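Observations on the three-dimensional arrangement
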Amino acid sequence: MTLNNIGLKSRESEIISNKLNELLSNYQVFYMNARGFHWNIKGNKFFELHAKFEELYNESLVKIDEIAERILTLGFTPVHAYSDYMKVSKIAEAKNISEGDKAIMEILKGYEVLLPIERDLLELAGEHNDEGTSALMSDYIREQEKLIWMFNAYLNKD
């Protein structure tokens, strides 16, 4: 059994890193979608949604960096080509959306992809004593569950 630099089993860290790369790929597309919504939003909710989408893409950028750095910490290489992201991402590109409710529904669709990956990672990391990845995923899940509630409230959906 080979251990990596932080004392975790190398093979198990590779499995976790592969799943983290899947999450990273989806986050990159989520980020670009949020950025596009920020740029293209129109209508009577422009100011509040423009600011909210900026907040979302800034938070996504932080998460992208955290995920990539976690992969590196585990001893592996983060995916870093957009063509590779698109091969892996289950989040679809959202093009030319300028209407607020449609943009928010796309954000919610993104969370429908991100949350299950994060929950899988939380379970996987727990099974392999990877507290660093567990803590990261736990934080993301808690934050996104609240955002889902808030976006659904905004759309007046139960």
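Below you will find a few notes about this structure.

Rules used in this analysis
- Residues numbered from 1 in each chain as written.
- Predicted model: local features only at pLDDT ≥ 70, side-chain atom pairs only at ≥ 80, totals over all residues.
- Heavy atoms only, no water.
- Phe/Tyr/Trp six-rings, centres within 6.5 Å; stacked < 30°, edge-to-face > 60°.
- Helix = DSSP H or I, 4+ residues; strand = E, 2+ residues; numbered from the N terminus.
- Buried < 20%, exposed > 50% of the residue type's maximum accessible area, 1.4 Å probe, protein only.
- Lys NZ or Arg CZ within 6 Å of the ring centre and 35° of its normal.
- Expected span 1.5 Å × (residues − 1).
- Salt bridge = Lys/Arg side-chain N within 4 Å of Asp/Glu carboxyl O.

**Points about the packing of aromatic side chains**
The full count for this structure, using the stated rule, is seven aromatic pairs. Relative to Y140, the ring of Y27 lies with its centre 6.2 Å away and its plane at 70°, an arrangement referred to as edge-to-face. Taken together, the residues Y27 in helix α1 (residues 10-40) and Y140 in helix α5 (residues 131-154) connect sequence positions 113 residues apart. Take Y27: its relative accessible area is 1%, and that puts it in the buried class. Centre to centre, the rings of Y31 and Y57 are 6.0 Å apart; their planes meet at 85°, and the pair counts as edge-to-face. Of the two residues, Y31 is situated in helix α1 and Y57 in helix α2 (residues 46-73); the sequence distance between them amounts to 26 residues. The pair Y31 / Y57 is uniform in exposure class, with both members buried. Of the aromatic side chains, those joined through ring pairs into one cluster are Y27, F30, Y111 and Y140. The ring of Y140 carries K63 above its face, with NZ or CZ at 5.1 Å from the centroid.

**Let's talk about α5**
With 24 residues, α5 ought to run about 34 Å at 1.5 Å a step, and its terminal C-alpha atoms sit 35 Å apart, in line with that. All of the buried residues along α5 are T133, S134, L136, M137, Y140, I141, Q144, L147, F151 and N152. Just downstream of α5, N156 is the residue with a positive phi angle, here 65°.

**Digging into the pattern of salt bridges**
Side chains that carry opposite charge are capable of pairing whenever their charged atoms lie near each other. Enumeration according to the criterion identifies eleven salt bridges in this entry. For the salt bridge of R70 with D130, the shortest nitrogen-to-oxygen distance reads 2.4 Å. Note that R70 is positioned in helix α2 and D130 in the loop between α4 (100-127) and α5, a separation of 60 residues in sequence. Judged by relative accessible area, which is 1%, D130 ranks as buried. Ionic contacts of the salt-bridge type, sharing partners, join the residues K19, E22, K90 and D120 into one network.

All we've got here are geometric facts, nothing functional implied.
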